[in-house]
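Chain residues, written in single-letter form:
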Amino acid sequence: MPEIAPLKGLLYNLKLIGNMDKVITPPFDVISPEEQEMYHKRHPYNMIRLILGQHKPGDNEEHNWYSRAAEALAAWQSEGVLIQDSKPAFYDYEISYQESPNLSKTRQGFLCLVKLQNFSHGSVLPHERTYEATKSERLKLMLACNANLSQVFALYPDPTHIVKQSLHQGREQGPVFNFTDSYGIHHRMWRVTRAEVIQKVVECMRDKRLYIADGHHRYETALNYQKLIQQRHPERGERALFNYVFMYLADMHQEGLSILPTHRMFVQLPQFQMDSFLARAADHFEVERFPFDEAERSQVFRDFLAALYSAGDRHYIGVYESGAGQFVLLKLRDNVGHESWLAQLEPPLQKLDVVVLTELVLKRLLKVDERTLNDETKIKYRHDALEAVEEVDRGLFQVAFLLNHTKIEQLQEVANSALFMPHKSTYFYPKVIDGSVLNLLDPNEDVQL
């Protein structure tokens, strides 16, 4: 089962930075080109220069944004902008946020190192497939910087919350930082350095599986990095830093977890025509239309979303195309369980709306091929239904398919069965920021237990 360890984190020097919000970013994979430009302008020491640098004319294999990230990382350390802690620590991290206007939540987790294991080992379990191009890019960055610049977000089961209680008891008196970011999310983090507390948490975690919530690409990239560095340093032992990956671990039984839906947006889907599609879909779905004119559009949209979110254990899928003057709700009929497309799937996958969308709607009814489904230039993802609809209206996308969120129990069941969901099936909100702590990977250094 998982072996965790403390780390000597590399942290921003708040005496020089002042405001943490000026230097943090979300993970690279949710940053749009416009946001990338904004973060570059926000502060000269913003994390964007490390995790998602800009391409420049004349870039080549030796000089590119990966090499510039490595140069910036070294320079920021020499300038005292980033300072490495002298003692190994866990970093107890609380994120307070609004899931909705009337619902406040606080998610607790902690930053640590986790011994790398292949997924077949069973201690760390994935639930989504990854893109090879993304892993290749991340590996180039990791080899240039020799550091974990971002953490993997994973969940662990702890219904009695012993780990959380132990970490709280071991906190140093004052927080490392305490700030509210530009999105209104409140961040607080404490060091936990007491040896007896660290050892208790290590022991408590030994019998728990870890379920990757966000960061499948980062974990698989760490495995690829480990293999390359082991070849370069065959003399190094099991406790070498490169045999571990930097993670943020959160208890899956806490009330502070939120999973948002991940709506599918197609830039172009030539085979989609609403009326003919709905005629074919009627063999499998009850079709409910929500027609509107502009005067009543907002209210009809709210009614449509309320119907979509009332699915319970049934499979509901929303469809929107600009100019059709309607929102459409597809409700999978209860008598289609004998269908061959469903019977061919493992039981945990049959329960997922995103699988019904992928296997029945996209592949079978619309004849969308795997190449299109794996092409990040043709399919995009949004987590806000209103944003998805507005972008279709602006002509950025041809059609949107709107979904309910995947449940935490479904993720656990799929992962335990060694199965995979389609790409981008889960979105845990809020994302864990980049810039709270970094982890240097000196190949000659060991973890300290």
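Worth saying up front: this structure is predicted, and the values here are computed from it rather than measured.

All right, on to the overall build of the chain then. In terms of regular secondary structure, the chain is built from 16 helices and 21 strands. For 449 residues, the compact-globule estimate of 2.2 N^0.38 gives 22 Å, and the C-alpha radius of gyration of the chain, at 23 Å, lies within 12% of that figure. Per-residue burial for the chain yields a buried fraction of 56% across its 449 residues. Taking as baseline every contact in the chain between residues at least 6 positions apart, the subset at least 24 positions apart corresponds to 78%. Accessible surface, the chain: about 19700 Å² in total, of which carbon and sulfur atoms supply 47%. Computing the positive centroid from 50 side-chain charges and the negative centroid from 60, the chain places the two 3 Å apart.

Let's shift gears to the sheet that holds strand β15 (residues 285-291). One open sheet accounts for 6 strands, arranged β15-β17-β16-β19-β14-β18; its pairing is antiparallel. Each edge of the open sheet carries a strand with a single partner, namely β15 and β18 (379-382). Within this sheet the neighbouring strands show an average axis-to-axis angle of 20°, counted without direction. Sheet topology note: the strand β14 (residues 263-266)/strand β19 (residues 399-402) ladder contains 3 bridges and is antiparallel. In the sheet register, F266 faces β19, and the bridge partner there is V399. Relative to the sheet, helix α9 (residues 274-281) contacts β15, β16 (316-321) and β17 (326-332), its axis offset from that of β17 by approximately 20°.

So, about the side chain of D92. Inspection of the secondary structure puts D92 in strand β4 (residues 90-100). Among the residues examined, D92 registers a relative accessible area of 0% and is labelled buried. Reaching out from D92, the side chain makes a polar contact with the side chain of R171 at a distance of 2.8 Å. Aside from chain neighbours lying at most four places away, what touches D92 is Q108, G109, F110, L167, H168, R171, R188, M189, W190 and V192.

As a further point, take the side chain of Q151. Within the secondary structure, Q151 is located in the loop between β7 (147-148) and β8 (152-156). In this structure Q151 comes out as buried when scored by relative accessible area, which is 2%. Here the side chain of Q151 touches I433 through a polar contact of 3.0 Å, landing on its backbone oxygen. Setting aside its immediate chain neighbours within four residues, Q151 contacts L111, R218, F246, M247, Y248, V432, I433, D434, S436 and V437.

In a soluble, globular protein the nonpolar side chains are often hidden away together inside. Membership of the largest hydrophobic core comes to 137 residues, with the highest contact counts inside it found for F110, L249 and F401. In terms of residue count, the dominant contributor to this core is helix α13 (residues 353-365) (8 residues). When near neighbours in sequence (up to four residues on either side) are disregarded, L249 contacts I4, G109, F110, C112, V114, A154, Y156, M205 and L210. In terms of nonpolar packing, the next biggest core, distinct from the first, is built from 21 residues, M265, L305, Y316 and F397 among them.

Let us look at the packing of aromatic side chains. Taken as a whole and judged by the stated rule, the model has 20 aromatic pairs. Consider the rings of F272 and F401, whose centres lie 6.3 Å apart with planes at 85°: the pair is edge-to-face. Here F401 lies in strand β19 and F272 lies in the loop between β14 and α9, a separation of 129 residues in the sequence. You can call F401 buried: its relative accessible area is 0%. Taken together, the ring pairs connect Y93, F153, F177, F179, Y248 and F428 into an aromatic cluster. The ring of F28 carries the charged tip of R138 above its face, separated from the ring centre by 3.7 Å. When the ring centre of W190 is taken as origin, the NZ or CZ atom of R171, which lies over that ring, is 3.6 Å away.

Another aspect to go through is helix α10 (residues 297-308). An α-helical turn contains 3.6 residues, so a residue and the one three or four places further along point in the same direction. Between its first and last C-alpha, α10 extends 16 Å over 12 residues, near the 16 Å set by a 1.5 Å rise per residue. Every buried residue of α10 is accounted for by R297, V300, F301, F304, L305, A307 and L308. When α10 is viewed along its axis, its buried side chains cluster within an angular range of 160° and face the same direction. The elements touched by buried residues of α10 are β15, β16, β17, α15 (385-393) and β19.

Criteria and cut-off values
- Residues numbered from 1 in each chain as written.
- Predicted model: local features only at pLDDT ≥ 70, side-chain atom pairs only at ≥ 80, totals over all residues.
- Heavy atoms only, no water.
- Helix = DSSP H or I, 4+ residues; strand = E, 2+ residues; numbered from the N terminus.
- Rg over C-alpha atoms; globule rule 2.2 N^0.38 Å.
- Buried < 20%, exposed > 50% of the residue type's maximum accessible area, 1.4 Å probe, protein only.
- Contact = heavy atoms within 4.5 Å.
- Areas by Shrake-Rupley, 256 points an atom, 1.4 Å probe, with all protein chains shown as cover.
- Lys, Arg positive; Asp, Glu negative; His and termini not counted.
- Charge placed at Lys NZ, Arg CZ, Asp CG, Glu CD.
- Pairing = 2+ DSSP bridges.
- Axes fitted to C-alpha atoms, helices over the stretch in contact; angles between N-to-C directions.
- Polar contact = N/O pair within 3.5 Å; in protein donor to acceptor, adjacent residues only side chain to side chain.
- Core = buried A, V, L, I, M, F, W, Y, C linked by side-chain atoms within 4.5 Å.
- Phe/Tyr/Trp six-rings, centres within 6.5 Å; stacked < 30°, edge-to-face > 60°.
- Lys NZ or Arg CZ within 6 Å of the ring centre and 35° of its normal.
- Expected span 1.5 Å × (residues − 1).
- Arc of directions from axis to C-beta.

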